[in-house]
Amino acid sequence: MHALVVSGLQKVYEGSGRRVEAVRDLTFTVEAGELVCLVGPSGCGKTTLLKCMGGLLTPTGGEVRLAGEKVSGPPPGMAFVFQEYGRSLFPWMRVGENVELPLKQKGLSKARRRELVSDALESVGLADAAGAYPWQLSGGMQQRVAIARALAYEPQVLLMDEPFAAVDAQTRADLEDLVRGLWRERGITILFVTHDIDEAVYLGQRVIVLSASPTVVQEQLKVDLPDERDQLHTRVAPRFAELRTHVYEQIQSAKRGTPSLAKTDTPPPH
Amino acid sequence: MRRVLLRVFFVLALPVLLVAAWWLASDGSTNVFWPPLRTILQTFPDVWTADRLKDDVLPSLLRLTAGYACAAVVGVAIGTIIGSYRRVRAFCEPVLEFLRAVPPPVLVPVIMLFAGIGDTMKIAVIASGCVWPILLNTVEGVRAVDPVMAETAKSYGISGVARLKDVVLRSASPQIFAGLRQALSIGIILMVISEMFAASNGIGFTVVQFQRSFAIPDMWTGILVLGLLGFLLSMVFQVVERRVLGWYHGLRASTRRSP
Amino acid sequence: MKGLNLALGAAGLAVFLALGEVVPRLGLVKEAYFPPASRIADALADELSDDTFWTALGDTLTGWGLGLLIASTAGIVAGVVISVVPYLRDATASTIEFLRPIPSVALIPLAVLLYGTELRSVLLLVVYASFWQVLIQVLYGVQDVDPVAEETARSYGLGTWARVRHVLWPTALPYVMTGIRLAAAVALILAVTAELVIGAPGLGQRIAVAQNSQAVPEMYALVVVTGLLGLLINVGARTVERRALAWHQSVRGEVAV
């Protein structure tokens with residue numbers, strides 16, 4: 001069963017006489033339980049794509065299907081983690097309330113909400129922070145809260161839009177391991193957008209390389225690294241270096257606008 | 001301990017000094033308009049008896065509360081509607097800018113035409129003067145809801161009443177409170193003026209009566225009461241604001257520390 | 001986009017005026033209380049051709065302008081002195097907190113006794129009300145001075161006066177401008193109030209006279225004039241503020257204080 005099917009997606013912005021085609025023709029699928037990373041040159045319409053998938057923007061053409069259902073507004077089976085954690089958490093609510101608010105909208109019982117909130121906060125390592133305000137926490141901790149909010153929402157698919165672009169390198173490594181850990185523990189489906197090639201290769205089971213805008217899929221690449229990954233060993237493994245070099249070259253050629261020859265799902269040869 | 005004492009000293013020193021200066025400077029005063037502070041303070045308990053508080057201060061405060069509350073409800077409600085729709089905002093803006101610019105006291109004679117000189121007139125005057133700063137600040141606050149927050153709410157299915165209550169109004173609350181604060185001082189001004197125009201009770205009425213009958217020390221006590229009232233209302237407002245906007249002050253302090 | 005907004009705004013204004021015409025004509029409110037917009041416009045035209053109207057306008061503007069000037073100067077000087085002299089800020093904080101919320105209309109009886117309907121009555125109210133607006137903003141502004149800049153200036157041996165001129169003043173300037181803008185609006189309110197209630201010559205007094213003589217359209221015409229005056233002052237103050245501070249980031253995003 002495909003968790004997410006994107007077919008022929010196109011998005012054109014029109015305004016004040018100008019017509020900008022941000023996304024031209026995107027087709028790919030994400031299987032249930034998969035962790036897929038999307039990378040592309042900066043300004044390639046990644047955020048547009050993600051917002052179309054999350055039902056925040058209406059595509060001009062094509063469609064997105066979540067578990068077989070066509071997406072035509074924010075679907076309840078999808079949770080979003082934004083890059084701007086500081087602006088995505090509500091500063092007037094305590095951490096616990098921030099995580100709980102979407103659950104109230106779902107109409108869950110109080111007991112069930114409490115259970116989900118404390119479970120989610122515990123799994124991101126913030127069990128003690130429920131009573132704090134987001135702005136009392138560091139940037140990395142705030143993004144953990146945003147992840148906890150997404151987890152508590154119990155989505156079929158978790159969309160993450162460059163979630164770690166604004167945190168420092170140390171924190172970023174911790175958060176990457178957190179995401180991989182959560183994914184392996186809970187078996188959720190994650191679509192992770194990033195502009196960082198290393199991050200994409202380190203995290204993903206599969207990497208989808210996007211072209212420059214107007215966006216198409218440049219290449220899909222299976223990451224054949226072992227499932228047990230850690231910052232110390234994985235990043236210095238020769239295979240990691242090969243994969244990242246390959247993705248790097250693909251992005252460079254995407255920037256130049258040369259179409260890729262290999263539109264396959266096979267890893268590059270060793 | 002020393003720091004506490006120092007703080008207390010700083011809080012009290014100048015006020016004590018000023019009162020002492022007033023006391024000494026006015027002590028031997030024979031100028032009828034500047035009676036000695038001693039006389040004013042002696043007159044105070046005779047003038048502001050429990051009956052007077054009930055008959056004059058209470059009605060004034062009730063009218064202020066009624067007018068202010070009407071203005072707050074109407075201002076926030078209409079401001080939220082106007083702030084939520086770009087077209088509506090463009091349509092209303094010039095008219096609102098004009099209405100806001102009308103100095104509120106000139107509303108007194110206008111509203112007297114419609115509402116006579118009773119309580120309705122005074123409440124209407126206070127409400128129609130207070131509503132503009134609240135309304136326009138609400139428009140600004142609602143308009144400026146952070147787009148990322150709006151998208152977050154949308155993607156998590158937060159809509160309808162919950163969106164309004166937990167996201168839009170909370171996010172606009174610092175602006176709304178700025179409007180409420182401006183409205184409070186306008187409200188007090190209008191409370192006093194509407195009573196000076198036409199009334200049979202109220203603080204403003206009483207003070208003007210004292211002045212017209214040349215009861216100068218009594219008039220001075222009235223000025224003191226008005227001053228105290230303004231101070232107390234502003235304290236109450238501050239307490240409420242600190243409670244409601246605690247998060248906002250914390251947020252601002254934390255962004256100032258780490259820009 | 002901008003053109004559309006302008007058109008919508010003009011449409012809004014037209015609808016507002018049309019309502020002002022139609023509502024009394026249909027008898028929804030008594031014409032005696034709320035004359036149609038066209039009759040108010042006639043009355044306004046009469047006013048504009050009347051010399052005494054222009055004298056009254058001049059009187060109001062004099063009270064407003066002079067009061068604003070005195071209050072701004074006093075507010076700026078007091079604010080800078082309080083910030084520069086050690087301990088003065090701590091010592092004055094409680095007094096300012098107490099005096100600021102005192103409604104200036106409390107002084108009306110005193111003004112009547114002391115100055116009657118003279119200009120000084122107007123000035124007393126205007127200055128008292130607008131002084132605090134400026135002072136508070138200056139104090140906010142000085143608080144905003146970057147401690148690093150202040151330390152740097154100290155370490156280079158700049159004297160008090162030089163520090164005020166080169167560090168404190170440029171930082172506080174946007175706040176001073178905001179203070180003067182707020183004070184300008186408050187000053188108009190109090191100038192009109194003083195004229196209306198005390199009877200000092202000016203537009204407010206003319207409104208009171210119109211009210212007493214049941215000249216309802218004239219009264220509305222004068223209310224419109226005070227509104228336009230207020231609008232002009234608001235727009236003017238905002239323009240000056242923006243022009244003077246085009247370089248400063250605070251103009252781009254305003255915070256609620």
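Conventions we followed
- Residues numbered from 1 in each chain as written.
- Chains lettered and ligands numbered in written order.
- Predicted model: local features only at pLDDT ≥ 70, side-chain atom pairs only at ≥ 80, totals over all residues.
- Helix = DSSP H or I, 4+ residues; strand = E, 2+ residues; numbered from the N terminus.
- Rg over C-alpha atoms; globule rule 2.2 N^0.38 Å.
- Buried ≥ 20, exposed ≤ 12 C-beta atoms within 10 Å, placed from the backbone.
- Contact = placed C-beta atoms within 7 Å.
- Pairing = 2+ DSSP bridges.
- Expected span 1.5 Å × (residues − 1).
- Bend = angle between axes of the 7 residues up to and from the residue.
- pLDDT = per-residue confidence, 0-100.

Enquirer: What should I look at first to understand the overall build of chain B in this one?
Expert: For chain B, the helix and strand inventory stands at 11 helices and 0 strands. When the helices and strands of chain B are listed from N to C terminus, the series reads α-α-α-α-α-α-α-α-α-α-α. In terms of overall size, chain B is more extended than a compact globule, its C-alpha atoms giving a radius of gyration of 23 Å where 259 residues would be expected to give roughly 18 Å. Principal-axis analysis of the C-alpha atoms gives chain B an extent of 75 × 60 × 30 Å. The 259 residues of chain B split such that 42% are buried. Counting only contacts in chain B whose residues sit at least 6 apart along the sequence, the fraction spanning at least 24 positions is 72%.

Enquirer: How do you make sense of the overall build of chain A when you look at a structure like this?
Expert: Looking only at helices and strands, chain A features 9 helices and 10 strands. For 270 residues, the compact-globule estimate of 2.2 N^0.38 gives 18 Å, and the C-alpha radius of gyration of chain A, at 19 Å, lies within 12% of that figure. Overall size of chain A, expressed as C-alpha extent along the three principal axes, is 55 × 50 × 35 Å. When burial is assessed residue by residue, chain A has 45% of its 270 residues classed as buried. Long-range contacts, defined as pairs at least 24 residues apart, comprise 70% of the intrachain contacts of chain A with a sequence gap of at least 6.

Enquirer: Can you help me understand the interface of chain C and chain B in this one?
Expert: Tallying the contact residues gives 46 residues for chain C and 45 residues for chain B. Every element with two or more residues in the side of chain C that touches chain B is listed here: α1 (2-25), α4 (88-99), α5 (108-115), α8 (160-198), α9 (203-212) and α10 (216-244) of chain C. Take the side of chain C that touches chain B: its biggest share by element is 8 residues, from α10(C).

Enquirer: What is the right way to look at unusual backbone geometry in this model?
Expert: The phi torsion of most residues other than glycine is negative, and most of the peptide bonds are trans. One non-glycine residue, A:Glu154, lies in the positive phi region at around 50°. In this structure, A:Glu154 sits in the loop between α5 (139-152) and β7 (157-161). Within the chain, B:Phe214 stands out as a residue other than glycine whose phi angle is a positive 55°. Relative to the helices and strands, B:Phe214 is located in the loop between α9 (203-212) and α10 (216-244). With 11 C-beta atoms packed within 10 Å, B:Phe214 lands in the exposed category.

Enquirer: Explain the pairing of strand β9 (residues 206-210) of chain A here, please?
Expert: Sheet faces and side chains relate simply in a regular strand, where the side chains alternate between the two faces. Residues and elements named next belong to chain A. Across the 5 residues that make up β9, a large majority, 4, are buried. Sheet topology note: the strand β3 (residues 35-39)/β9 ladder contains 4 bridges and is parallel. Following the sheet pairing, Val 39 is matched in β9 by Val 209. Where β9 folds back onto strand β10 (residues 215-222) in an antiparallel hairpin, the turn is made up of 4 residues.

Enquirer: Teacher, can you tell me more about the interface of chain B and chain A here?
Expert: Where interface size is given, it is often the accessible area lost as the parts come together that is meant. The interface of chain B with chain A comprises 18 residues on the first partner and 20 residues on the second. For the side of chain B that touches chain A, the secondary-structure elements that each account for two or more residues are α7 (147-155), α8 (160-197) and α11 (246-257) of chain B. With 6 residues, α7(B) is the single largest residue contributor to the side of chain B that touches chain A.

Enquirer: What should I look at first to understand the environment of C:Gln205 in this one?
Expert: All names here are of chain C. Looking at the secondary structure, you find Gln 205 in helix α9. Look at Gln 205 and you get buried, because 21 C-beta atoms sit within 10 Å. Remark: the alpha-carbon pair of Gln 205 and Leu 61, spanning 144 residues in sequence, is separated by 13 Å. The residues contacting Gln 205, other than those within four sequence positions of it, are Glu 195, Leu 196, Gly 199 and Ala 200.

Enquirer: In this structure, what is going on with helix α4 (residues 86-101) of chain B? I would like to understand it.
Expert: An α-helical segment advances 3.6 residues per turn. Residues three or four places apart therefore align on the same side. Given a rise of 1.5 Å per residue, 16 residues ought to cover 22 Å, and the 22 Å separating the end C-alpha atoms of α4(B) matches this to within 8%. Along α4(B), the helix axis deviates most sharply at B:Glu93, where the bend reaches about 45°; the proline B:Pro94 sits within four residues downstream. Here α4(B) has its buried residues at B:Arg89, B:Ala90, B:Phe91, B:Cys92, B:Leu96 and B:Ala101. Buried residues belonging to α4(B) abut α3 (50-84) and α6 (119-143) of chain B together with α1 and α10 of chain C.

Enquirer: What should I look at first to understand α7(B) in this one?
Expert: Among all positions of α7(B), only B:Met149, B:Glu151, B:Thr152, B:Ala153 and B:Ser155 are buried. Tucked inside the fold, the buried residues of α7(B) contact β6 (78-81) and α2 (85-88) of chain A together with α8 of chain B. Of the residues one or two after α7(B), B:Gly157 is the one with positive phi, at around 70°.

Enquirer: Hey, could you run me through the confidence of the model for chain B in this one?
Expert: Interpretation of this model should avoid reading the predicted coordinates in detail wherever pLDDT is low. All names here are of chain B. Per-residue pLDDT for chain B averages 90, and the proportion of residues at 70 or more is 99%. The least confident element of chain B, judged by mean pLDDT, is α11 at 85; the most confident is α3 at 94. Taken over the whole predicted complex, pTM reads 0.87, whereas the ipTM for its chain interfaces reads 0.87.

Enquirer: Would you mind going over the sheet that holds strand β2 (residues 18-31) of chain A with me for this structure?
Expert: Sheets are built from strands that pair by backbone hydrogen bonding, the pairs being arranged parallel or antiparallel. Residues and elements named next belong to chain A. Reading across the sheet, the 10 strands line up as β5-β4-β1-β2-β10-β9-β3-β8-β7-β6 and stay open at both edges, with mixed pairing between neighbours. Of all strands in the sheet, those bounded by a partner on one side alone are β5 (69-70) and β6. Summarising the sheet, strand β4 (residues 61-66) and β5 pair through 2 bridges and their orientation is antiparallel. The residue of β5 that forms the bridge with Leu 66 is Glu 69.

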